[in-house]
Every structure is written in C-alpha cells, then in structure tokens.
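Listed here are the chains, written in short residue letters.
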Amino acid sequence: MNAEFFTAIEDIEKEKGIPRAYMYDKIHQAIMAAYRKDHPEAGDNVVVEMSEEKKKIEMYVLMDVVDEVEDPATQIGVDAALSYNKRARAGMQVQIPVETRRFGRIAAQAAKQVIIQGIREAERGIVYEEFTSKEHEILTGVVSYVDARTGGVSIKISSNSEYTEALLPANEQIRGEVLRDGDHIKVYVVEVRNSTRGPQVLISRTHPGLVKCLFELEVPEIFNGTVEIKSIAREAGSRTKMAVWSNQAEVDPIGSCVGPKGSRVAAIVSELNGEKIDIVKYSEDIESYVAAALAPADVLSVTGLEDGKSCRVVVPDSQLSLAIGKEGQNARLAAKLTGYKIDIKPESESDRPDIF
C-alpha cells in the first residue's frame, strides 16, 4: 500500500508538475488533521515520518514515561510503556505507533479534503506562475463561448502545457470584429491576478501592446533590436499610428515594418480586422516628429511653444481636413503618439496668431 502511495505521488509530479516535497507536506498536514479529528486532545508530540527509500509512512506519538500520569496526552505509565519498549523506565520517551487505517470516517474524509485542496492550490500556483511569465506578450487562444447578452467572449488560452479560461470583455474587442465558437485569435496578456478562485488572466485585443507584439513577431529587425518601436497610439478597429527608429543608418525602419510589397504590415492589418496602420519615423527633433505624426497630411511648419508640451502646426489649406482627420482622429492620434498638444491651422490664416 505504501509503495503504491509513493508511486502515485511520483505520477502526480510527472503529470501535473506538482513537486513531491509539496505533496509530502500536504499529506503530512492531512494525516495530522485526521489524527486530531479523532484525538482533539493531541499535542505537539505527534510525529509523521515518510521515507521514499523504504516506501514507508510511519506515524507515532512521543510519550514521556512517568511513575504517575498527570497528562494522558503526553505521558504514559511505566507498566503501559513496557508493552512498547521492554527497557522503558521513568524519565524516558517511548514511541506509540498509530495505525492510520483506523482513523474514523470523518477523519479520513478530512484528510482527503486537505490533499485535494493541496493539489488544487498547487495547480493554481503553477498556472499563475506560467501565465505571469507571459504578461505583456501575445498568446493564441480558442473561442469557447460567446455571451450574446453581454458580448463577452470566453477564450481558452494556453502556454506550454498549461491552459486556463480568460474573459475577453466587449470593450476589449476590436470594433466590428465578429468572434465565433472555435475561432483561433491572438490576445495580449495585460495582467495576471491571483484571486481566491484561482489565476485571473486579463486579456485584450484593443491594447496598443498587441500591435507592438505583432510587429515583433512579423518583423525580424524589430525582434533583433535593429529597429525600435518608440511609441504607439491606437484607436482599435479604426487606426493606429506607430513611430519607429533604426539604430543602423543603412536600415530603413519604415521599410522594414512594411516589408516586401507591404507583406509584413498586411499580415498585421489582417489580424487586426482591417485596422489602418500609419508607420512614421521617430525623431528627437519635435518639429520633424510632429510633422511625420500628422501623415498623410503635408505640414508646412511646426513651432514649439514655451510650455514645452504644445506646438503650432501650419498646413496647406487643402490639407486641413486631412491633417485633422475624420472626427479629429488624425490629430488626436498624432498628439497621443508624440505626447504634444497640437494646434493646427491652414496656411491662409497663419498670420493670425490669435487663433492659438
């Protein structure tokens, strides 16, 4: 029976990745809990020993041998002690073996619950550690359930051999994207929380990090660090602006991201359900950077203001609506990308400073 027990522990370690030492600790707790269920008066003199070498579990109570018993939980008379140790005498300690198979039904059930709970906690811990290591990365998931009432989507995500269910709320989904049971999609792991109900993985399809990770997967120059993504501004489902920079003069950062015949950026646009992506060149010169960020509009001039956080931009009259964008989107994304408040006016009014 003991040999089979140790084999089972080894199997749990192999199949679930739960260390044997952890399981031995939980089993020790379970046996102790079972004993105290039947013996509520028990003290700290109860010992459980588990030997992998001997494939044996032993439990015993250490009792002080005395001439006159005052505490039955920790003391035993000389005559009674002789039945366990023929050399017993007052002042010694004897080991009183405990047969765990004689535990009562309630005690045995309590022990079982401790072990089951221990396994669950270990599994949750393993899942938590695995997915915590995937924070701010992309994982591929499978849609397992779509809630028609809330629009939330339950997604089964996996990492190595571990998997868990994560909720993709409606506000974290790309606008206009329709997800169905069985669909394979990429999600961005925003955060992993360890709740009382187990690991909670927060995922998103709208986070700018998703775009960043997709480019890292698709563009070797970004993956190896030659091209760096400096900033991303995104309105998911509609448009993204991304600023890139190369640490090697001979490498074109925009061309690297676009790819041959636009193949790299096209693959990412497809993954994002047709979302438009503007790739601009980053510059430490704020005038050049803001001008690039307002693409596809042409910019005549950019003037930084005294507060260091705003700038004035002049564009040709014919480019004003393009610079501002539909419902102000182009200017709004350019401001998010650069971190500057941008005031735009047409060339015909550039001599009227009161407009700012």
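Residues numbered from 1 in each chain as written. Predicted model: local features only at pLDDT ≥ 70, side-chain atom pairs only at ≥ 80, totals over all residues. Heavy atoms only, no water.

Things to note about the overall build of the chain
The helix and strand tally for the chain stands at eleven helices and 15 strands. Taken over the C-alpha trace, the chain has a radius of gyration of 34 Å; the compact-globule value for 356 residues is 21 Å, which it surpasses by more than 25%. If you line up the chain on its principal axes, its C-alpha atoms span 115 × 45 × 45 Å. Burial statistics for the chain: of 356 residues in total, 39% are counted as buried. (Helix = DSSP H or I, 4+ residues; strand = E, 2+ residues; numbered from the N terminus. Rg over C-alpha atoms; globule rule 2.2 N^0.38 Å. Buried < 20%, exposed > 50% of the residue type's maximum accessible area, 1.4 Å probe, protein only.)

Notes on the sheet that holds strand β8 (residues 184-195)
An order of β7-β6-β5-β8-β9 is seen for the five strands of this open sheet, with the pairing classed as antiparallel. The open sheet has two edge strands, β7 (162-168) and β9 (198-204), and neither has a second partner. The average angle at which neighbouring strand axes cross in this sheet is 50 degrees, direction not considered. With five bridges connecting them, strand β5 (residues 138-146) and β8 associate as antiparallel partners. Residue pairing across strands places T140 opposite K186, the latter belonging to β8. Lying on the sheet, helix α5 (residues 208-218) is in contact with β5 and β8; it crosses β8 at an angle near 125 degrees. (Pairing = 2+ DSSP bridges. Axes fitted to C-alpha atoms, helices over the stretch in contact; angles between N-to-C directions. Contact = heavy atoms within 4.5 Å.)

Thoughts on unusual backbone geometry
Glycine aside, a negative phi is what most residues show, and trans is what most peptide bonds show. With omega at 15 degrees, the peptide bond leading from A295 into P296 counts as cis. Here P296 shows up in the loop between α9 (286-293) and β13 (301-304). Notably, K261 is not glycine yet its phi reads approximately 55 degrees, a positive angle. Along the chain, the position of K261 falls in the loop between α7 (253-258) and α8 (263-271). If you check the backbone angles, E327 has positive phi at about 55 degrees while not being a glycine. Tracing the backbone through its elements, the reader meets E327 in the loop between α10 (320-324) and α11 (329-338). Residue E327 is classed as exposed on the basis of its relative accessible area of 72%.

Focus on the side chain of N45
Summarising the element assignment, N45 is placed in the loop between α2 (20-38) and β1 (46-51). At 2.8 Å, the side chain of N45 forms a polar contact with the backbone oxygen of L62. For N45, the side chain forms a polar contact with the main-chain oxygen of A73, separated by 3.1 Å. Among residues more than four places away in sequence, those in contact with N45 are Y60, V61, L62, M63, A73 and T74. (Polar contact = N/O pair within 3.5 Å; in protein donor to acceptor, adjacent residues only side chain to side chain.)

Section: the nonpolar core
With 25 residues, the main nonpolar core has M23, Y35, V46, M59, V61, I76 and V94 as its most contacted residues. Take this core: its biggest share by element is six residues, from α2. Aside from chain neighbours lying at most four places away, what touches I76 is M63, D64, V65, V66, V69, A81, Y84, V94 and I96. One finds V211, C213, F215 and I232 within the second-largest nonpolar core, a separate group that totals 22 residues. (Core = buried A, V, L, I, M, F, W, Y, C linked by side-chain atoms within 4.5 Å.)

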